[in-house]
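The lines below spell out each chain.
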Amino acid sequence: MSQHAVGPRAVSRSVAFLLTAGVLAVPALAGCGSEDPAGKPLAGQDIQPAPRDRITDGGTLRWAVDSVPDTLNTFQSDADATTTRVAQAVLPSMFRMNADGRPERNPAYLESAKVVETEPKQVVLYKLDQQAVWSDGREIGAADFAAQWRALSGKDTAYWTARNAGYDRIQKIERGDNALEVRVTFSRTYADWRSLFSPLYPKDVMGTPDSFNDGARKKLKVTAGPFTVKKLSRKNEEITLTRNPRWWGRPAKLSEIVLRTVPREKRAKELAAGTLDLAEIAPSEARRITVAARPRGSSSPVMGPEADQKPQGSKAAAKYARQQQALRGFEVRKSLEPAFTQLALNGAEGPLADERVRRAVARALDRKELAEAVLKPLGLPAVPVGSHLALSGQAAYADNSGALGGQDTKEAQALLADAGWVRGGPIKEEKKKGEKAAGAEGEKAGKSSEGDSGNDDGEYIVGSDDKDQQDKKDSQNDNDQQDGKAHRENDPAHLAQDGKQYKQPHQGGAPGAYAPMGTAAPAGRESAPLAKNGKPLTLRFVLPSGPGSQTLRTVADRVARMLKRVGIGTEISKVSDESYFKDHIASGQYDLALYSWPASAFPATDARPVYAKPVPAADGSLNVEQNYTRVGTDQVDQLFDQAVATLDEGESRSLIRKADSRIWAAAGSIPLFQRPQLIAARKNLVNIGAFGLGTPVYEDMGFLKKGAKPASGPSAKGSATP
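(A) Summary view of the nonpolar core. Judged by nonpolar contacts, the single largest core of 109 residues is most densely connected at Met94, Tyr126, Phe197 and Leu241. Beyond its immediate stretch of four places on either side in the chain, Leu241 contacts Val86, Ala89, Val90, Phe227, Thr228, Val229, Lys230, Ser255, Glu256, Ile257 and Leu259. Formed by 62 residues, the second largest nonpolar core is a distinct cluster that contains Leu336, Ala364, Leu375 and Trp421.

Here it is as structure tokens:
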């Protein structure tokens, strides 16, 4: 699972700590002035736009995906990114995201949708396109809306739903003045009403628990998009979409889309073999394709370090040369995903239960350096993300990181001293015991360099007194290639697991003499560990071990080095990708972790469970929803509740930004950078590639006619023109 995050503009503000009260005075919010703090997306779409009259009618697009999904029902817990991709192509969406990541009416289905009453209840009136029909010929109408509401409202537990946010606020759904109108009356005001019915499933799927639970897992008999599902083959690991003959909108240019499972490490080979046209790729493959695509004799720079390292041996070199020749027909399209990577701090127990220690961790980080380490080599904007709840360009975005403050070593050390962590701990004894805890695998991992394959599965200690070895490793890190993309188990639909009992990580160390609480660190001891009550300040840093998580491990090493400078030790444990979330993040078996969250255009709805204050369940366990840091406050919950219950969009955005400021202040998670999006595409493929914050328009994808040119040349970015 790969992590990357980015955020913009806003000056870091000084913060007043009221230590006796244990609260943080939050500064004035960004955005109170005249300038819109939301700004623009840091990176635009890169989709090679072209008008439809220059696109061939027909053709098959072969598109690599991570998996054939277990279900085609996006509202089930095992839905994945491919489930969403299929739904976007074959089902109605009342609203979709524009290039700025903001919801806009989908004109293929809606003539209009607006709030027509607010008293005594909120009423939204949908006016459907008069040609909108399901693939079986039946008109899309109120019966479909009502069936989806009943299935997702949460009232009937026979439906195995992953979420019901928003649908649980609906009181009734009825036909309007004619069959094209749908009136939705809410029992409670709902600001994010545009998030509903996207996608919309037919009543055949939503009408009964059996059809919902099982009927749409392997097939969709009835659809209503530019494409329909022709075949799902688990044996061949592919899904075939074909043109929908009953589609009333602009006809799809492609005749078929084949979504085929291809492991990420094999995608460059498959592209070269001519069996793929489009694939999301790792930075190393992106550099290789960029090298292949350069004109012969060109000395123009490529992304990151030179990657055209030919393998040894005549046969291997010849094979590599043939692949490079084939890759000349591809190009890399790049943007930033609608997702960000964060450093999560588990506040359930241990040192990080103290908010002063969490803030110290945050103040020790140079987020700009971390963003640059991942994004700068790729030629992408390396701006730290300034919000937990939106990305630059989205309506709710504002850089609220000033509520916590930027990198400040002295402030971090002062916070730790105030929390009772002081210099002078048992350095050698701590290291000895840490090595023993890590075992043989940990020793092996500790000796490995940053460029390892990532397949070992042990622990290693970032030592406190081995400065020469660490400095050497730091130097290697500074020149590292950013390889791989972390696994995609970070979507909220896959992370909805309640937390279990937290297990405190190993903390070695022997009793010793320590300065009184609040004593400043003595000069010359910056590399010595902090300790308290005979135990060193060592945090367990859990990471996935798979080959696709190299970027995470690179970032983790830099984070560990930054923490070491303020006296915080890190014990890094690499675990299998399969167990990373279930057995460690969701169950609370970590102190520090790196993972990503998708950004939403509806944060009042979608982000609330991620930051909600954990509450005790009836059985004595802690219900954390999706708040895996287990850090939350009543005030943040109240702000979310207020934001979702107002129809004043300006007020709702203001409340979301206030909530974000307080999430920053609590320091349960630290947004780092927006994730890179690197897509290898055939050069003649248009209106497709790195979509950034926007929703793909499937009917406009296709291959250029022979001799035709895209809209604005080979480097054009943006949306297609009709």
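Still more ground to cover, so stick around.
(B) Region of interest: the side chain of His584. Along the chain, His584 falls in helix H14 (residues 577-585). With relative accessibility at 11%, the residue His584 sits in the buried group. Leave out the neighbours within four places in its chain, and His584 touches Arg540, Val542, Val575, Ser579, Gln589 and Tyr590.

(C) Region of the structure containing the pattern of salt bridges. This structure, assessed with the given rule, holds 30 salt bridges. One salt bridge connects Arg682 with Asp277, and the closest N-O pair in it is separated by 2.6 Å. In this pair, Arg682 sits in strand E24 (residues 669-682) while Asp277 sits in the loop between helix H5 (267-273) and strand E13 (278-280), placing the two residues 405 residues apart along the sequence. Taking the shortest distance from any N to any O, the salt bridge between Arg608 and Asp641 comes out at 2.8 Å. One end of the pair, Arg608, is in helix H16 (residues 608-611); the other, Asp641, is in helix H17 (residues 634-644), with 33 residues separating them in the sequence. A relative accessible area of 22% places Arg608 in the partly exposed class. With a relative accessible area of 36%, Asp641 lands in the partly exposed category. Residues joined in a network through salt bridges with shared partners are Asp66, Arg264, Arg267 and Glu280.

(D) Structural detail: the sheet that holds strand E6 (residues 110-117). An order of E6-E7-E9-E8 is seen for the four strands of this open sheet, with the pairing classed as antiparallel. Bordering the open sheet on either side are E6 and strand E8 (170-175), each of which pairs with just one other strand. Between one strand axis and the next, the sheet turns through 15° on average, direction left out of account. Sitting on the sheet, helix H2 (residues 142-152) is in contact with strand E7 (123-128), E8 and strand E9 (181-186), with an inclination near 160° to E8.

(E) Geometry of the pairing of E6. The pairing of E6 with E7 spans six bridges and is classified as antiparallel. If you follow Leu110 over to E7, its bridge partner there is Leu128. Linkage of E6 to E7, two consecutive antiparallel strands, is achieved through a turn of five residues.

(F) Broad picture of the packing of helix H9 (residues 367-375) against helix H13 (residues 550-564). The geometry of H9 relative to H13 is characterised by a closest axis approach of 10 Å and an angle of 155° between their N-to-C directions. Between H9 and H13, the angle is such that the two are roughly antiparallel. Considering only the axes of H9 and H13, their crossing is right-handed. Each of Glu369, Leu370, Ala373 and Val374 in H9 lies in contact with H13, whose residues at this interface are Thr551, Val555, Arg558, Val559, Arg561 and Met562. A breakdown of the residues in the contact of H9 with H13 according to their chemical character gives six nonpolar, one polar and three charged.

(G) Geometry of a positive patch on the surface. Taken together, the side chains of Lys266, Lys269, Lys319 and Arg322 make up a positively charged region of the molecular surface. Considering the arrangement of structural elements, one finds Lys266 in the loop between strand E12 (256-261) and H5. Look at Lys266 and you get partly exposed, because its relative accessible area is 46%.

(H) The packing of aromatic side chains, seen in detail. Following the criterion strictly, the structure yields 18 aromatic pairs and no others. Ring centres of Phe75 and Tyr167 lie 6.3 Å apart, and the angle between their planes is 90°; this geometry places the pair in the edge-to-face category. Of this pair, Phe75 sits in the loop between strand E3 (60-65) and helix H1 (81-90) while Tyr167 sits in the loop between H2 and E8; the two residues are 92 residues apart in sequence, bridging distant segments of the chain. Of the residues examined, Tyr167 reaches a relative accessible area of 4% and is grouped as buried. For the ring pair Trp597 and Tyr628, a centre distance of 6.2 Å and an interplane angle of 10° mean the geometry is stacked. In this pair, Trp597 is assigned in strand E21 (residues 592-598) and Tyr628 in the loop between strand E23 (622-623) and H17, connecting sequence segments 31 residues apart. Here a set of aromatic residues connected by ring pairs shows up, and it is made of Phe75, Phe95, Tyr126, Phe145, Tyr167, Trp193, Phe197 and Tyr201.

(I) Molecular detail of unusual backbone geometry. In this structure, the amide linkage connecting Glu119 to the following residue, Pro120, adopts the cis form with an omega of 0°. Mapped onto the secondary structure, Pro120 falls in the loop between E6 and E7. That bond from Ser198 to Pro199 is cis: its omega, 5°, falls within 30 degrees of zero. Relative to the helices and strands, Pro199 resides in the loop between E9 and helix H3 (203-206). Residues other than glycine seldom take positive phi values, yet Glu237 does so here, at roughly 55°. Relative to the helices and strands, Glu237 is located in the loop between strand E10 (227-233) and strand E11 (238-243). Note on Glu237: relative accessible area 40%, which makes it partly exposed. Its identity is not glycine, yet Ala667 carries a phi of approximately 55°, on the positive side. Assignment of secondary structure puts Ala667 in the loop between helix H18 (649-666) and E24.

So, how was this worked out
- Residues numbered from 1 in each chain as written.
- Predicted model: local features only at pLDDT ≥ 70, side-chain atom pairs only at ≥ 80, totals over all residues.
- Heavy atoms only, no water.
- Core = buried A, V, L, I, M, F, W, Y, C linked by side-chain atoms within 4.5 Å.
- Buried < 20%, exposed > 50% of the residue type's maximum accessible area, 1.4 Å probe, protein only.
- Contact = heavy atoms within 4.5 Å.
- Helix = DSSP H or I, 4+ residues; strand = E, 2+ residues; numbered from the N terminus.
- Salt bridge = Lys/Arg side-chain N within 4 Å of Asp/Glu carboxyl O.
- Pairing = 2+ DSSP bridges.
- Axes fitted to C-alpha atoms, helices over the stretch in contact; angles between N-to-C directions.
- Parallel < 35°, antiparallel > 145°, perpendicular 65-115°, else oblique.
- Left-handed = near helix turned anticlockwise from the far one by under 90°.
- Nonpolar A, V, L, I, M, F, W, Y, C, P; charged D, E, K, R; others polar.
- Patch = residues over 30% accessible without salt bridge, like charges linked within 9 Å, V, L, I, M, F, W, Y side chains within 5 Å.
- Areas by Shrake-Rupley, 256 points an atom, 1.4 Å probe, with all protein chains shown as cover.
- Lys, Arg positive; Asp, Glu negative; His and termini not counted.
- Charge placed at Lys NZ, Arg CZ, Asp CG, Glu CD.
- Phe/Tyr/Trp six-rings, centres within 6.5 Å; stacked < 30°, edge-to-face > 60°.

Shape is all these values report; function is a separate question.
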